[in-house]
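# Observations on the three-dimensional arrangement
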Amino acid sequence: MADIQNSQNQWLVEKYNKIPEMLKGFFDNILDLVCFLESEGYIKESTMTKWKEGIKQALSYLESHDLMTAFSEIYIVAKGMQRILDRIIMNAYWNDQPIPDPLRKKFSEIAESSREFLSVLLDMIDYYADTYRSPPIIQASWSEKVNNAYFLLEHGDLEPAIGDILVVIGDLRPLLDELRNQIENGQYIYNSNS
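Quick summary incoming for the structure in this document. Worth saying up front: this structure is predicted, and the values here are computed from it rather than measured. (Residues numbered from 1 in each chain as written. Predicted model: local features only at pLDDT ≥ 70, side-chain atom pairs only at ≥ 80, totals over all residues. Heavy atoms only, no water.)

### Let's talk about the overall build of the protein
- Along the protein, the regular secondary structure elements total eight helices and zero strands.
- Against the compact-globule benchmark of 16 Å for 194 residues, the protein has a radius of gyration of 18 Å, which places it among compact chains.
- If one aligns the C-alpha atoms of the protein with their principal axes, the spans along those axes are about 60 × 35 × 25 Å.
- In the protein, which comprises 194 residues, the share counted as buried stands at 41%.
- Pairs at least 24 apart in sequence give 75% of the contacts found in the protein among residues at least 6 apart.
- Accessible area for the protein stands at about 10400 Å²; split by element, carbon and sulfur atoms hold 50% of it.
- Of the side chains in the protein, 18 bear a positive and 30 a negative charge, and the two mean positions are spaced by 5 Å. (Helix = DSSP H or I, 4+ residues; strand = E, 2+ residues; numbered from the N terminus. Rg over C-alpha atoms; globule rule 2.2 N^0.38 Å. Buried < 20%, exposed > 50% of the residue type's maximum accessible area, 1.4 Å probe, protein only. Contact = heavy atoms within 4.5 Å. Areas by Shrake-Rupley, 256 points an atom, 1.4 Å probe, with all protein chains shown as cover. Lys, Arg positive; Asp, Glu negative; His and termini not counted. Charge placed at Lys NZ, Arg CZ, Asp CG, Glu CD.)

Below, the structure written as structure tokens:
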């Protein structure tokens, strides 16, 4: 049993170590959306600059494996963007028009770039629930939030999707801190060929 848990833990540490690489595209796609909103005149250049700085901060936290702070930073950006996105979507709805194609494409790219990370997060939920003996109803709630996040992102609901991811990461913090400590203490050597 201990051997199985050790190999699962090692696998999880390897996956956790690759999370910055997994999420870079996701954060870059959110940055692309910010630039798109500015180029189409939905936001001012000063707003774009502020949000770009927030994304840059999030990326720096991500590089140091601080998922909680990285997602907190990206959530602030998403919260600001959501008001603009809701207005665009609502205008399209009221005018009986589709959401502008470039915007729909951006939503799809953001969702797709989150897929690998969300899959790893589901594995972490399962591991956490088994190791820390979480009640099945709590585990189901976390899994539902993570599964829904992809579809929310795909429909332009960035704020609730990232908010749900943030809640799950917060609840899994003991496990994430343990994995981060293993990497920082050199208990895991990253092998780029693996």
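Don't stop here, the text continues.
### Topic: the packing of aromatic side chains
- As enumerated under the stated definition, the model contains eight aromatic pairs in all.
- Three or more aromatic residues link up through ring pairs in this structure, and these residues are Phe26, Phe27, Phe71 and Phe117. (Phe/Tyr/Trp six-rings, centres within 6.5 Å; stacked < 30°, edge-to-face > 60°.)

### Considering empty space enclosed by the protein
- Counting across every chain of the model gives one cavity of 30 Å³ or more.
- Residue lining of the largest cavity: Tyr16, His65, Asp66, Leu67, Met68, Ile169, Arg173, Leu176, Asp177 and Arg180, and that is the complete set.
- Counting only elements with at least two residues in the lining of the largest cavity, the list comes to α4 (67-94) and α8 (173-184).
- Of the residues belonging to the lining of the largest cavity, the class tally is five nonpolar, one polar and four charged. (1 Å grid on protein atoms, 1.4 Å probe; cavity = no way out; pocket = protein on both sides within 12 Å on 5 of 7 lines; lining within 4 Å. Points joined across faces, edges and corners; volume = space filled by probe spheres on them. Nonpolar A, V, L, I, M, F, W, Y, C, P; charged D, E, K, R; others polar.)

### Description of the pattern of salt bridges
- Overall, the coordinates contain five salt bridges when judged by the stated rule.
- A salt bridge links Lys105 to Glu109; its shortest N-O distance comes to 3.1 Å. Residue Lys105 and its partner Glu109 are located together in helix α5 (residues 101-131), separated by four residues, close to a single helical turn.
- Using a relative accessible area of 27% as the deciding quantity, one classes Glu109 as partly exposed.
- One salt bridge connects Glu112 with Arg115, and the closest N-O pair in it is separated by 2.9 Å. (Salt bridge = Lys/Arg side-chain N within 4 Å of Asp/Glu carboxyl O.)

### Examining a positive patch on the surface
- On the surface, Lys50, Lys79, Arg83 and Arg87 cluster together into a patch of positive charge.
- A per-element tally of the positive patch places α4 first, with three residues.
- For Arg83, the location among the structural elements is in helix α4. (Patch = residues over 30% accessible without salt bridge, like charges linked within 9 Å, V, L, I, M, F, W, Y side chains within 5 Å.)

### Digging into the environment of Glu53
- As for its position among the elements, Glu53 is in helix α3 (residues 45-63).
- C-alpha separation for the pair Glu53 and Arg173, spaced 120 residues apart in sequence, amounts to 25 Å.

### Looking at the packing of helix α2 (residues 19-39) against α4
- In the contact formed by α2 and α4, the axes pass within 11 Å of each other and the chain directions differ by 30°. By the angle class used here, α2 and α4 are roughly parallel. Seen from above, α2 lies across α4 with left-handed handedness. Only Leu67, Ala70, Phe71, Ile74, Val77, Met81, Ile84, Leu85 and Ile88 of α4 make contact with α2, whose side of the interface consists of Ile19, Leu23, Phe26, Phe27, Ile30, Leu33, Val34 and Leu37.
- Across the contact of α2 with α4, the residue classes tally to 17 nonpolar, no polar and no charged. (Axes fitted to C-alpha atoms, helices over the stretch in contact; angles between N-to-C directions. Parallel < 35°, antiparallel > 145°, perpendicular 65-115°, else oblique. Left-handed = near helix turned anticlockwise from the far one by under 90°.)

### Notes on the packing of α5 against α8
- Interaxial distance between α5 and α8 falls to 10 Å at its minimum, and their mutual angle equals 105°. What the angle tells us is that α5 and α8 run roughly perpendicular. Mapping the contact onto sequence places Met124, Tyr127 and Tyr128 in α5 and Pro174, Leu175, Leu176 and Leu179 in α8.
- When grouped by side-chain class, the residues that make up the contact of α5 with α8 number seven nonpolar, no polar and no charged.

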